[in-house]
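Analysis of the macromolecular model
Spelled out, the chains give:
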Amino acid sequence: MSQLTHAKIHFNEQGTPVASDFDDVYFSNDGGMAETDYVFLQQNGLPERWLNHPAAAFHIIETGFGTGANFLLSWLRFRQYRQQFPDAVCQRLYFSSFEKFPLSHTDLTQALAVHTELKQQCEQLLQAYPPCVGGCHRLSFDNGSVILDLWLGDVNTLLPELNAKTDAIYLDGFAPSKNPDMWQQQLFTGLARLSGNGSTVATFTSAGLVKRGLQQAGFTVSKIKGFGRKREMLTASMLTDTSLPVTAPAPLAAPTPSEHEVTIIGGGIASLCTALALTQRGVAVHLICEDDMVARQASQNRQGAVYPNLHANLTDDSQLHAQAFLFARRFYQHWQQQGLDFAMDWCGLLHLASNTQLQQRQHKLIDKALWPSELVQAVNASEASAIAGLKLPHSGIYLPLAGWLSPQQFCLQALQYLQQQRLFRFSADCKVRAIKQYNSGWHLDTTAGALQAAILVLACGSKLAEFTPTAQLPLNKIRGQVSYVHASTMAPLKTVLCHKGYITPQWQSLHSVGATFDRNATEAFISEQDNSENLALVQQQLQQPAWFAEAKVSSATAAFRATLPDHLPVVGPLANQQNLYLIGAMGARGIMLSPLLAELLACQICAEPLPLTQQLGKRLASERFSG
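Quick caveat: nothing in here was measured; it's all calculated off a predicted structure. (Residues numbered from 1 in each chain as written. Predicted model: local features only at pLDDT ≥ 70, side-chain atom pairs only at ≥ 80, totals over all residues. Heavy atoms only, no water.)

1. Brief notes about the overall build of the chain
- Regarding its fold elements, the chain presents 16 helices and 31 strands.
- In terms of overall dimensions, the chain is globule-like: its C-alpha atoms have a radius of gyration of 26 Å, near the 25 Å expected for 627 residues.
- Principal-axis analysis of the C-alpha atoms places the extent of the chain at approximately 80 × 60 × 45 Å.
- Here the chain, with 627 residues, has 59% of them falling under the buried criterion.
- Restricting the contact set of the chain to residue pairs at least 6 apart, pairs at least 24 apart contribute 73%.
- Summing over all exposed atoms, the chain offers an accessible surface of approximately 25300 Å²; the carbon and sulfur share of this is 49%.
- For the chain, the distance from the average position of its 45 positive side-chain charges to the average position of its 48 negative side-chain charges is 2 Å. (Helix = DSSP H or I, 4+ residues; strand = E, 2+ residues; numbered from the N terminus. Rg over C-alpha atoms; globule rule 2.2 N^0.38 Å. Buried < 20%, exposed > 50% of the residue type's maximum accessible area, 1.4 Å probe, protein only. Contact = heavy atoms within 4.5 Å. Areas by Shrake-Rupley, 256 points an atom, 1.4 Å probe, with all protein chains shown as cover. Lys, Arg positive; Asp, Glu negative; His and termini not counted. Charge placed at Lys NZ, Arg CZ, Asp CG, Glu CD.)

Quick look at the structure:
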């Protein structure tokens, strides 16, 4: 991942956006949508191909997202196809689009204003459009039936990170003569690697280097009439499966979902996010929880801060955090719009430089300026005080998109929603004592008797390593206690405050203050000493603020955080085990990481395009601890 810059554009007399650096239009003056329809949809056989497509998902790859016109029309046509043929096998459209110079939100808003016939889709795209952060941004529309993976960065760098067969390719971008950096042989070879038998290509250009490049990569190429005044364009197809292998799990076969029911052991936010991601894909789920209800352990907290841990350098860790955070915001907003009733407030977060080490780290982060101001800004003590609504003694960084939500409420609401779905069943008070491979599935020894699982997901937090197949996982369990505090003088707090601990704004008359780190405990007990520690930490880090003087602890919760030595979570198939998957070891970041990692896991199980680079996927895989 490298630092990105927005496209420099202007608008010509016809109102068409023009890339200033490439001296080329984003779409035809003769009508952008008509060109898209003719060049990319019709020449790839769309929408007709969707009706006979044998898989649950159809995958389009596009080079050059631009203003999103190609995506918007494909989305509209797919929505119309779904309305006309709701029972067809193909239920989801994946659209993987690459863009090295993304338009700013302001420019994109102006560029899309011409597409009055797509007003609703344009508004939804603008609402979901991400900040200028490299990597894959998964944007979900129409309740998960249309998924845009917006890959920000150089297509020739990012395409090798994609690991999913494509059905159709929109070979777009500025003309080869104006953008030679993109039109390289490695682009055509990379597209061929992802193409299977019957994959098709359409491109507006008829340039000789494009024709030769596609042919050398193994495509059969044809020259046909171009759009409007353009004389010729190219189409291509992969007629024999000569592509390089793409390693991916075998997809779930189509018969009855019950044959492929996924059993999840857990009861916290990771298990419920995974259940939501799978049932959205038409996969049956059985959730087994050892407690009498979900959210009784690490997800029981009243409030949890949701924000990314950004580094001054472009590390895999901060890349994961940035992507997961932006995905989580969209995810929770979506489910709230779907009627899940849980407390959530994107009120921003201040991370105060309450010691020298934090101060140095934050200065470095701001000086490197690798992250857009939408994500993080420097603030002095008086600016921080104005944002917080309380007097603060330190400078710091402000994350305006961050905030808090109630993980317990979310889990309870998610379960209530899932229990209304025919593909979901829930077993409470069912502790799994042991798991054992049984044919291609798993035999579960539980307190409610023996159970069978065709596909098994372990999403059981601090108990992830308590089974024989996972016993070698070097999982650490750290007990933490959050104190729920009342103080009328603290009521004006408008944003989450982080120092070495954290304080949330008031909700239901209480603030959450946390959290302790106890590496020796074996039980998740509640301790008065920990309550005192949480209060003392605020006094020490924030120099005994007057507004905290009368803070009184009303109640507390304690649970175990699970972490791994490299402080990265684990997600995906367990090494050397068939049909056994893991999701966990998220430390104190489960609220933020679970939505994206659950999406990743569901795509691995269903063999659909993944929302992360292959490099990041490998960093999170359990294989890193084998051998």
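Past the structure itself, the notes keep going.
2. Let's talk about the environment of T557
- With respect to the helices, strands and loops of the structure, T557 is situated in strand β29 (residues 552–563).
- Taking the C-alpha atoms as reference points, T557 and L568, separated by 11 residues in sequence, lie 25 Å from one another.
- Leave out the neighbours within four places in its chain, and T557 touches Q300, N301, G480, Q481, V482, Y484 and I526.
- Polar contacts involving the side chain of T557 include one to the side chain of N301, which spans 2.8 Å. (Polar contact = N/O pair within 3.5 Å; in protein donor to acceptor, adjacent residues only side chain to side chain.)

3. Points about the sheet that holds strand β1 (residues 9–11)
- Here we have 3 strands laid out as an open sheet, ordered β1-β2-β3, and antiparallel in their pairing. Only two strands of the sheet have a single partner each, and these edge strands are β1 and β3 (24–25).
- The pairing of β1 with strand β2 (residues 17–19) spans 3 bridges and is antiparallel. If you follow H10 over to β2, its bridge partner there is V18. (Pairing = 2+ DSSP bridges.)

4. A few points about the side chain of E161
- Looking at the secondary structure, you find E161 in the loop between α6 (155–158) and β8 (166–171).
- One buried charge, E161, has no salt-bridge partner; the nearest side chain with opposite charge is K618, at 7.0 Å.
- In contact with E161, not counting residues within four places along its chain, are W151, L612, T613, Q614 and Q615. (Salt bridge = Lys/Arg side-chain N within 4 Å of Asp/Glu carboxyl O.)

5. Remarks on the nonpolar core
- Y332, F410 and I583 are the most contacted members of the largest nonpolar core, which has 85 residues in total.
- Residue contributions to this core peak at 11 residues, all from helix α15 (residues 590–606).
- In contact with Y332, other than residues within four places in its own chain, are I269, F342, M344, W346, L405, F410, I591 and P595.
- Ranked by size, the runner-up nonpolar core spans 74 residues in total, among them Y38, F40, F141 and A192. (Core = buried A, V, L, I, M, F, W, Y, C linked by side-chain atoms within 4.5 Å.)

6. Considering the packing of helix α7 (residues 185–193) against helix α8 (residues 208–217)
- Following both chains from N to C, one finds α7 and α8 inclined at 40 degrees, their axes separated by 8 Å at the closest point. Taken as axis vectors, α7 and α8 run oblique relative to one another. Here α7 runs over α8; the crossing is right-handed. Two secondary-structure elements touch here, α7 through Q185, F188, T189 and A192 and α8 through L209, V210, G213, L214, Q216 and A217.
- Residues of the contact of α7 with α8, tallied by class, amount to 6 nonpolar, 4 polar and no charged. (Axes fitted to C-alpha atoms, helices over the stretch in contact; angles between N-to-C directions. Parallel < 35°, antiparallel > 145°, perpendicular 65-115°, else oblique. Left-handed = near helix turned anticlockwise from the far one by under 90°. Nonpolar A, V, L, I, M, F, W, Y, C, P; charged D, E, K, R; others polar.)

7. Digging into the sheet that holds strand β17 (residues 377–379)
- The 8 strands lie next to each other as β17-β18-β16-β26-β27-β28-β25-β29, forming an open sheet whose pairing is mixed. On the outer flanks of this sheet lie β17 and β29, each paired with one strand and no other.
- Inspection of the sheet shows strand β25 (residues 476–486) paired to β29 by 11 bridges, in the antiparallel sense. Residue pairing across strands places N476 opposite T563, the latter belonging to β29.
- Against the sheet, helix α12 (residues 381–388) makes contact with β16 (349–352), β17, β18 (396–399) and β26 (496–498), and its axis sits at roughly 105 degrees relative to β17, the strand it touches most.

8. Some thoughts on the pairing of strand β5 (residues 92–99)
- Where burial is concerned, most of β5 is hidden: 8 out of the 8 residues are buried.
- Where strand β4 (residues 57–63) and β5 come together, 7 bridges link them in parallel fashion. Among the inter-strand pairings, T63 is bridged to a residue of β5, identified as F98.
- In the sheet, β5 pairs with strand β7 (residues 146–152) via 7 bridges, with the strands oriented parallel. From the neighbouring strand, E99 faces β7, where its bridge partner is L152.

9. Brief notes about the pairing of β8
- Judged by how many residues are buried, β8 sits mostly within the fold: 6 of 6 residues are covered.
- Pairing between β4 and β8: 4 bridges, direction parallel. Opposite I61, over in β8, you have I169 as the bridge partner.
- Bridge count for β8 against strand β9 (residues 195–203) is 5 bridges, and the pairing is parallel. Within β9, the position partnered with T166 by the bridge is S195.
- In this fold, the crossover linking β8 to β9 by way of α7 has right-handed handedness. (Right-handed = clockwise from strand over helix to strand, strands pointing away.)

10. A short note on the pattern of salt bridges
- This structure, assessed with the given rule, holds 20 salt bridges.
- Here R281 and E608 are joined by a salt bridge, their closest N and O atoms 3.3 Å apart. Here E608 lies in the loop between α15 and α16 (614–620) and R281 lies in the loop between α9 (269–280) and β13 (285–288), a separation of 327 residues in the sequence.
- The exposure class of R281 is buried, given its relative accessible area of 8%.
- Take E608: its relative accessible area is 7%, and that puts it in the buried class.
- R479 is the partner of D530 in a salt bridge, and the nearest nitrogen-oxygen pair spans 2.8 Å. Taken together, the residues span a long stretch of sequence, with D530 in helix α14 (residues 528–541) and R479 in strand β25 at a distance of 51 residues.

Don't take any of this as a statement about function, it's just geometry.
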